[in-house]
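# Descriptive structure summary
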Amino acid sequence: MVYGYNGGGLGSYKSSLGNDAAASERFRIDAAKQQMERQQKERTKMQLTDLKRKHEHNKMQISHLETDARRLESEIVHGEREVQDMQRAMKELEDKEHNFRGRI
């Protein structure tokens, strides 16, 4: 059997041309689908890369905020200790004043 020849007359030749045109159209449609899939895959890769970059940025920002929080917590603890020291000193002064007045 010869390609494109179905053993018939002129009608079968036209039929084979129609089949070739249909196959060509299917090939074109498949190629367009593959191109669209490649483009979608590329867009998805770019979105993933962007999300990874944003994730890394957010992790770094969180790390900085945690460092600031620890620093502020340390400052608060230091301030509380200073207040306690001042309260203790005031209490000692009040006790001394009370003892001094008691002697007079």
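Further up the page is the structure itself.
These lines cover the structure that appears in this document, whether it is placed above or below.

Definitions and limits used
- Residues numbered from 1 in each chain as written.
- Predicted model: local features only at pLDDT ≥ 70, side-chain atom pairs only at ≥ 80, totals over all residues.
- Heavy atoms only, no water.
- Helix = DSSP H or I, 4+ residues; strand = E, 2+ residues; numbered from the N terminus.
- Buried < 20%, exposed > 50% of the residue type's maximum accessible area, 1.4 Å probe, protein only.
- Areas by Shrake-Rupley, 256 points an atom, 1.4 Å probe, with all protein chains shown as cover.
- Salt bridge = Lys/Arg side-chain N within 4 Å of Asp/Glu carboxyl O.

Moving on to the overall build of the protein chain. Tallying secondary structure elements over the protein chain gives 1 helix and 0 strands in all. The buried share of the protein chain, taken over its 104 residues, is 2%. Carbon and sulfur atoms provide 58% of the accessible area of the protein chain, an area that totals close to 10000 Å².

Right, let's get into the pattern of salt bridges. Opposite charge on two side chains allows them to pair when their charged atoms are near. Applying the stated criterion across every chain yields a total of 8 salt bridges. One salt bridge connects D85 with R88, and the closest N-O pair in it is separated by 2.6 Å. Highlighted residues: D85 and R88, both in helix α1 (residues 10-103), separated by 3 residues, approximately one helical turn. Assessed through its relative accessible area of 47%, R88 is described here as partly exposed.

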